[in-house]
Structure formats: structure tokens, C-alpha cells
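Topology and contacts: notes
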Amino acid sequence: MAARKTTPPPAVQQEQTPASTEAPEPTAPADPPAQPEPEPTTPVEPAPPEDDQEPEEPRERTAVEAAYIAALQREREGYTRYGRKDRAAEVEAELDRLDAPFERAVPAPLETA
């Protein structure tokens, strides 16, 4: 069977309109709606201090957190023993961030033979 040829319908030419050279007339801006006047503010009393609230129960630490805190405490003790106050302060800051209780390490006297 032979394929039948079809021809597309003739293209309809659209009339071209000349471009308008006139600028559109500017429209008058609409008056913005009247804004309500702000209400006078009253001074806000500060919140009561948080000391009046009961302290929250400390949550249980995971085994990983407990091990990390123990390692930091040992690290701080070593830095304190060898006079590295700057490093000990960094470790104490991390312990503070973790809200871990710690006692200030007191350098033990070095044993000599």
C-alpha cells in the first residue's frame, strides 16, 4: 500500500499593524488608603527573674555523653597538673557548655625520686 501524501493547509497571513509611536497616557496615582494612627504604647514590665522558678531535673546522660565528660575531666586535670591554664580553660568551657558538674582541679605536687 502506498503512502498518501498530504499537504499542509495554507498558512493564513496575519495582518501586521503598524507599531504605535505614541506613549501611553500616564494614569493618575490612586490615593493610598489612610493608615490608622499608631496606638500609644505602654511600658512593659520585665519578666520576673528565673531564680524564682524551680530548677529543672537534669536529664540522664547517655553512655557516650558520660564517657565524653569523663575524658574532658581527665584532660583538664592533666592540663592543670602541667600548668597549661589556657588549655584547661578551654576544656572547662566545654564542660560548662555540656552543663557537666566539675570541681576545679588542684595541681598535685609532682613526685620526685
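The paragraphs below set out a description of the structure included in this document. Everything numeric here is computed off the predicted structure, so don't read it as measured data.

Here we take up the overall build of the protein. The helix and strand inventory of the protein stands at 2 helices and 0 strands. The burial tally for the protein puts 9% of its 113 residues in the buried class. Considering only residue pairs separated by 6 or more positions, the protein has 51% of its internal contacts joining residues 24 or more positions apart. Surface accessibility of the protein: about 12000 Å² in total, with carbon and sulfur atoms responsible for 53%.

The tendency in soluble globular proteins is for nonpolar side chains to be buried as a group. Ile69, Leu72, Val91, Leu95 and Ala100 form the largest nonpolar core, which has 5 residues in total. Contact partners of isoleucine 69, with chain neighbours within four places excluded, come to Arg61, Leu95, Leu98 and Ala100.

Under the 1.5 Å per step criterion, the end-to-end length of helix α2 (residues 85–97) is 18 Å for 13 residues, consistent within 8% with the ideal 18 Å. When we look at burial in α2, the residues that qualify are Ala88, Val91, Glu92, Glu94 and Leu95. Projected down its long axis, α2 shows its buried positions confined to an angular sector of 155 degrees, all on one face. Away from its buried face, by an angle of more than 90 degrees, α2 presents the exposed residues Glu90, Asp96 and Arg97. For α2, the elements touching its buried residues are α1 (63–81). A positive phi of about 60 degrees marks aspartate 99, the residue just after α2.

On to the packing of α1 against α2. At a minimum axis separation of 8 Å, α1 and α2 run at an interaxial angle of 160 degrees. With respect to their mutual orientation, α1 and α2 come out roughly antiparallel. Handedness of the crossing formed by α1 with α2: left-handed. The residues of α2 that touch α1, namely those facing Tyr68, Ile69, Leu72, Gln73, Glu75, Arg76, Tyr79 and Thr80, are Arg87, Ala88, Val91, Glu92, Glu94 and Leu95. A per-class count over the contact of α1 with α2 returns 7 nonpolar, 2 polar and 5 charged.

Summed over all chains, the structure comprises 3 salt bridges. Residues aspartate 86 and arginine 84 are paired through a salt bridge, measuring 4.0 Å at the closest nitrogen-oxygen approach. For aspartate 86, a relative accessible area of 46% translates into the label partly exposed. Note that glutamate 94 and arginine 97 form a salt bridge whose closest N and O atoms lie 2.8 Å from each other. Separated by 3 residues within a single helix, glutamate 94 and arginine 97 lie in helix α2, roughly one turn from each other. You can call arginine 97 exposed: its relative accessible area is 59%.

On to α1. With 19 residues, α1 extends 27 Å from end C-alpha to end C-alpha; this agrees with the ideal 27 Å at 1.5 Å per step. Those residues of α1 that sit buried are Ile69, Leu72, Arg76 and Thr80. In a view along the axis of α1, the buried residues occupy a sector of 70 degrees, so they form one face of it. Within α1, the exposed residues directed more than 90 degrees away from the buried face are Ala63, Val64 and Arg74. Summarising the contacts, the buried residues of α1 are in contact with α2. Directly after α1, the chain includes glycine 83, whose backbone phi takes a positive value near 80 degrees.

About the thresholds
Residues numbered from 1 in each chain as written. Predicted model: local features only at pLDDT ≥ 70, side-chain atom pairs only at ≥ 80, totals over all residues. Heavy atoms only, no water. Helix = DSSP H or I, 4+ residues; strand = E, 2+ residues; numbered from the N terminus. Buried < 20%, exposed > 50% of the residue type's maximum accessible area, 1.4 Å probe, protein only. Contact = heavy atoms within 4.5 Å. Areas by Shrake-Rupley, 256 points an atom, 1.4 Å probe, with all protein chains shown as cover. Core = buried A, V, L, I, M, F, W, Y, C linked by side-chain atoms within 4.5 Å. Expected span 1.5 Å × (residues − 1). Arc of directions from axis to C-beta. Axes fitted to C-alpha atoms, helices over the stretch in contact; angles between N-to-C directions. Parallel < 35°, antiparallel > 145°, perpendicular 65-115°, else oblique. Left-handed = near helix turned anticlockwise from the far one by under 90°. Nonpolar A, V, L, I, M, F, W, Y, C, P; charged D, E, K, R; others polar. Salt bridge = Lys/Arg side-chain N within 4 Å of Asp/Glu carboxyl O.

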